[in-house]
Amino acid sequence: MVDLRSDTVTMPTDSMREAMTTAEVGDDVYEEDPSVNELEALTATMLGKQAALFTVSGTMGNLVSLLTHTHMLRAAEIISEASSHIFLNEVAGAATLGGIQIRPIQGTKGIMSISDISNAVRDENIHCPETKLICVENTHNEAGGVVQPLSYLGQLREFADSKSIQIHIDGARVFNAAVALGVDIKEISCYADSLSVCLSKGLSAPVGAMICGTDEFIRLARRYRKMLGGGMRQAGILAAAGIKALLEMPQRLIEDHQNARVIAEGLSELPGIVIDLSTVETNIIRYRFNQSGKGIEFRQAMAASGFIFNGNDSGGRIVTHVGVTEQHAKQLLTAAKQILH
Ligand code: TLP
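Attention in this report is confined to the structure presented alongside it.

A word on the side chain of arginine 317. Along the chain, the position of arginine 317 falls in strand β13 (residues 315-319). Despite its burial, arginine 317 remains without a salt bridge, the nearest opposite charge being carried by aspartate 7 at 5.9 Å. A polar side-chain atom of arginine 317 sits 3.0 Å from a polar atom in the side chain of asparagine 141. Each residue touching arginine 317, except ones within four places of it in the same chain, is listed here: Leu4, Arg5, Ser6, Asn141, Arg173, Ile284, Ile285, Arg286, Tyr287, Phe309 and Asn310.

On to the site of the ligand, then. Around the ligand, a shell composed of 15 residues is seen, among which Ser6, Thr59, Asp170, Arg173 and Arg317 lie nearest. Between the ligand and the protein, one listed contact pairs an oxygen atom with a side-chain N or O atom of serine 6 at 2.7 Å. Separating a nitrogen atom of the ligand from a side-chain N or O atom of aspartate 170 is a distance of 2.7 Å. Within the complex, 80% of the 510 Å² of free accessible area of the ligand lies under protein. In the shell around the ligand, the residues fall into 2 nonpolar, 7 polar and 6 charged.

Before going further, it helps to examine the packing of aromatic side chains. For the structure on display, the rule yields 5 aromatic pairs. Geometrically, the ring pair formed by tyrosine 287 and phenylalanine 309 is edge-to-face, given 6.2 Å between the ring centres and 80° between the ring planes. Of this pair, tyrosine 287 sits in strand β10 (residues 284-289) while phenylalanine 309 sits in the loop between β11 (307-308) and β12 (310-311), and the two are 22 residues apart along the sequence. Judged on exposure class, the residue tyrosine 287 and its partner phenylalanine 309 are both buried. Consider the rings of phenylalanine 298 and phenylalanine 309, whose centres lie 6.1 Å apart with planes at 45°: the pair is tilted. Residue phenylalanine 298 is found in helix α13 (residues 294-304), and its partner phenylalanine 309 is found in the loop between β11 and β12; the two are separated by 11 residues along the sequence. We classify phenylalanine 298 as buried; its relative accessible area is 1%. Among the residues examined, phenylalanine 309 registers a relative accessible area of 7% and is labelled buried. Here a set of aromatic residues connected by ring pairs shows up, and it is made of Tyr287, Phe289, Phe298 and Phe309.

Right, let's get into the environment of alanine 235. In this fold, alanine 235 is placed in the loop between α10 (215-227) and α11 (236-248). Between the C-alpha atom of alanine 235 and that of valine 29, which follows or precedes it by 206 residues, the distance is 9.6 Å. For alanine 235, the contacting residues outside a window of four places in its chain are Asp33, Val36 and Phe54.

Bringing the sheet that holds β10 into the picture now. One open sheet accounts for 4 strands, arranged β9-β10-β13-β12; its pairing is antiparallel. Where the open sheet ends on each side, the last strands, each with one partner, are β9 (273-274) and β12. With 2 bridges connecting them, β9 and β10 associate as antiparallel partners. The partner of isoleucine 273 across the bridge, within β10, is phenylalanine 289. In the packing of α13 onto the sheet, the strands contacted are β9, β10, β12 and β13, and the crossing angle to β10 comes to about 125°.

Between helix α8 (residues 174-181) and helix α12 (residues 253-268), whose axes approach to 9 Å, the crossing angle comes to 80°. Compared by their axis directions, α8 and α12 come out roughly perpendicular. Residue-level contacts link Phe175, Asn176, Val179 and Ala180 of α8 to Leu253, Ile254 and His257 of α12. Counted by class, the contact of α8 with α12 contains 5 nonpolar, 2 polar and no charged residues.

Cut-offs applied
- Numbering of residues starts from 1 in every chain and runs along the sequence as written.
- The predicted origin of the model limits local features to residues at a pLDDT of at least 70 and limits the giving and counting of side-chain atom pairs to 80 or more, whereas totals for whole chains, interfaces and linings rest on all residues.
- Just so you know, side-chain values use all the structure's heavy atoms and leave hydrogens and water out.
- Helix and strand definitions here come from DSSP, where helices need a minimum of 4 consecutive H or I residues and strands a minimum of 2 consecutive E residues; each element is numbered from the N-terminal end.
- For every residue, the accessible area obtained with a 1.4 Å probe (protein chains only) is divided by the maximum for its type, and the residue is called buried under 20%, exposed over 50%, and partly exposed between those limits.
- The convention is simple: Lys and Arg are positive, Asp and Glu are negative, and His and the chain ends are not counted.
- The term salt bridge refers to a side-chain nitrogen of Lys or Arg lying within 4 Å of a carboxyl oxygen of Asp or Glu.
- Side-chain atoms alone can form a polar contact between residues adjacent in sequence; in general such a contact is a pair of N or O atoms within 3.5 Å, and within protein one must be able to donate a hydrogen while the other accepts it.
- Here a residue-residue contact requires only that any non-hydrogen atoms of the pair lie within 4.5 Å.
- When at least one non-hydrogen atom of a residue lies within 4 Å of a molecule or strand, that residue is treated as near it.
- Accessible surface area values rest on a Shrake-Rupley calculation with a 1.4 Å probe, where residue burial reflects the displayed protein chains alone.
- Note on residue classes: Ala, Val, Leu, Ile, Met, Phe, Trp, Tyr, Cys and Pro are nonpolar, Asp, Glu, Lys and Arg are charged, and everything else, Gly too, is polar.
- Two rings from Phe, Tyr or Trp (for Trp, the six-membered ring) form a pair when their centres are within 6.5 Å of each other. A pair whose planes differ by under 30 degrees is stacked, one over 60 is edge-to-face, and the rest are tilted.
- Two strands form a pair only when DSSP identifies at least two bridges running between them.
- Here, axes are lines fitted to C-alpha atoms. For helices the fit covers the stretch in contact, and angles between N-to-C directions go from 0 to 180 degrees.
- With respect to orientation, any angle under 35 degrees is reported as roughly parallel, any angle over 145 as roughly antiparallel, any angle of 65 to 115 as roughly perpendicular, and every other angle as oblique.

Printed below as a string of C-alpha cells:
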C-alpha cells in the first residue's frame, strides 16, 4: 500500500532512530533536558526568533499560541481563514479551552484579503470583543497546500502593526512554503509574532511541533503548555528526532512537490476529475468530481490498486511525502487512468 492520506504517516528515519537511542535526557519541566533545550535553541535560530518551545502536536502548538496571545482574556476575538485548520480541525479548542471567539474569513485559495480582514477588525465599542490576533495558515492545507506570498505577508504585517494586532502563522508545513518559494525560512517567519511548525509531517519526526516567538511569549507559552498537560519529562528522546528533522529533512521536500505536480497534472487530464492546478504549489493535491458518490468509488478502486487517500463523497486529498517515490507517482497515474478511462 502506498499511503497518501497525509504526510503525518511518515516514519522516523534511521538517523532519527539512532539519535533517539543515544539522546541525553533530563526533566524538561525543570528545563533540564539537554536535547529538548538544543531543539528549542536550534528552532529559534533557524526561524530567527528569540525562543522556541517543544509541544506535543501542531494542535497543541496552535492552542498554546492562541492562549498566550489572548492571555486567556475573555471577550477576545481572533481572525482566521474560514477553512483553516485552527477554525475547522482543532476541536474548537480555542473556544472551549480559551474562551476565544474565532472570526472566520473566507479567503481565495486560503488567502484572506487585507480589506476583508480590515472590515472584520473590531472598533473600540462596548458591544464588541477585542480583535487580538490574525492567524495565517502557511501552507494552507484545505486550499491544496497553497503558499502565502511574501508580498502579501508584508502587507499583512503592515496592516496588523497599524492596528496593534499580532500575527500567528500556523506553519505546520511552513518548510514546504520556504522550499516552494526558494527562500530561507526566516524570510517567512519575520512577518509573524509567533509560528507553529510541525516536526511530524513532511519532516518525518515521530512526534511533536515547535512554537516560537519572543522570550516573553515563550515564557508564558510554557505555562499554558503545562496547563494543558503538555509538560513532558524526558522528552529528549523525541527532541533528538526533532533535531534531525530540522537539520536533515527540509531540503528534500522539493521532491514531494515535484511528485505532487506529476500526480496533479496527470490526474487533471483524466475524465471527470477536477483539479485547480494553480493551487498545487507544494505536496498537497485537492481534487473533486462533479458527480456525487464518485469520490468514494474512485478511492475504493484506487485502494484496491494499492493507493490510499482521504476524501469524501465527491472529492479528496492526496499528499506526497518521503514514502512516496517518483515511481509511485507514475504507478498511481497508471492505476487512475485504468479506473477513470
Ligand atoms: N493536519 C492533519 C489533519 O489534522 C487534517 C493532516 O493530515 O493534514 N495545522 C495544519 C495546517 C495541519 O494540517 C495540521 C494537521 C495541524 C495544524 C495539526 O497538527 P497535529 O496533527 O500535529 O496536531
